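Structural overview for review
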Amino acid sequence: MSEAARRVPEHVRRIGRIHHIAVIVRDIEASLGFYRDALGLEVGAVQPIPSDRVVIAFLPVGGVKVELVAPTDDTTGVARFLASRGEGFHHVCFEVDDITAALTRLAIDGIELIDSAPRPGAEGPVAFLHPRSCHGVLVELIEAPGGPAWASLYPRGFVAPDAIR
Ligand code: CO
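This one's a predicted model, so the numbers in the text were calculated from it and none came from an experiment. (Residues numbered from 1 in each chain as written. Predicted model: local features only at pLDDT ≥ 70, side-chain atom pairs only at ≥ 80, totals over all residues. Heavy atoms only, no water.)

Some thoughts on the overall build of the protein chain
Regarding its fold elements, the protein chain presents six helices and eight strands. Along the chain direction, N to C, the helices and strands of the protein chain fall in the order α-α-β-α-β-β-β-α-β-α-β-β-β-α. The C-alpha radius of gyration computed for the protein chain amounts to 16 Å, which stays within 12% of the reference 15 Å derived for 165 residues, consistent with globular compactness. Split into buried and exposed, the 165 residues of the protein chain put 45% on the buried side. At a minimum sequence separation of 6, the contacts of the protein chain that also span at least 24 residues come to 58%. Approximately 8,700 Å² of the protein chain is accessible, and the part contributed by carbon and sulfur atoms is 56%. A gap of 5 Å separates the mean positions of the 16 positive and 21 negative side-chain charges of the protein chain. (Helix = DSSP H or I, 4+ residues; strand = E, 2+ residues; numbered from the N terminus. Rg over C-alpha atoms; globule rule 2.2 N^0.38 Å. Buried < 20%, exposed > 50% of the residue type's maximum accessible area, 1.4 Å probe, protein only. Contact = heavy atoms within 4.5 Å. Areas by Shrake-Rupley, 256 points an atom, 1.4 Å probe, with all protein chains shown as cover. Lys, Arg positive; Asp, Glu negative; His and termini not counted. Charge placed at Lys NZ, Arg CZ, Asp CG, Glu CD.)

Here's what the structure looks like:
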């Protein structure tokens, strides 16, 4: 951790937990043959996200979720990932208390941000960090419910479809 990062308040530095890990699959139903039937994970919600042109399934396990992501057309980054690299691990998502503050202090630390400001995700305010700065892993941040970005991104309120705490 840099000198600058050490000076930021604990609530800005703190990573709450791993929120989910995302795996890209060709077909949700086919992938459940492994994750649900063979591994025995419970399937929470299966949810189309039309704005992202994907279908997502959440499988909660031990306070974390495995998120299966299948593209619905071939126009998105997720679809290009599938076409070029095949099915597989895509990103890990860490929960933070204040995502805007976390992005600011990461940028100060020289971390390359894909999203310089939080945007509304399926389960709350999210932002991605570039794998170039994360040793080859695509990293997502999500703000814990009740954080400051929730009020600005969801002025009419929002309840995550499959929230587990
Ligand atoms: Co994610």
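Focus on the sheet that holds strand β6 (residues 119-121)
Within the open sheet, the eight strands sit side by side as β2-β3-β4-β1-β5-β8-β7-β6. Their pairing is mixed. What marks the edges here is a single partner per strand, and that holds for β2 (46-49) and β6. Strand-to-strand twist of the sheet, defined as the mean angle between neighbouring strand axes without regard to direction, takes the value 35°. In this sheet, strand β3 (residues 54-61) lies alongside β2 in antiparallel orientation, the contact comprising four bridges. Bridging across to β3, Q47 finds its partner in I56. Those strands touched by helix α3 (residues 28-38) are β1 (15-24), β2, β3 and β4 (64-71), and its axis lies near 150° from that of β4. Sitting on the sheet, helix α4 (residues 77-85) is in contact with β1, β3, β4 and β5 (88-96), with an inclination near 85° to β4. (Pairing = 2+ DSSP bridges. Axes fitted to C-alpha atoms, helices over the stretch in contact; angles between N-to-C directions.)

A look at unusual backbone geometry
The backbone of R53 sits at a positive phi, close to 55°, despite the residue not being glycine. With respect to the element layout, R53 can be found in the loop between β2 and β3.

Notes on the packing of aromatic side chains
Within this structure, the stated rule accounts for two aromatic pairs. Plain terms: the ring middles of F34 and Y35 are 4.8 Å apart, the flat faces sit at 80° to each other, and that makes the pair edge-to-face. Plain terms: the ring middles of W150 and Y154 are 5.5 Å apart, the flat faces sit at 50° to each other, and that makes the pair tilted. Just above the ring of F58 sits the side chain of K65; from NZ or CZ to the centre is 5.0 Å. (Phe/Tyr/Trp six-rings, centres within 6.5 Å; stacked < 30°, edge-to-face > 60°. Lys NZ or Arg CZ within 6 Å of the ring centre and 35° of its normal.)

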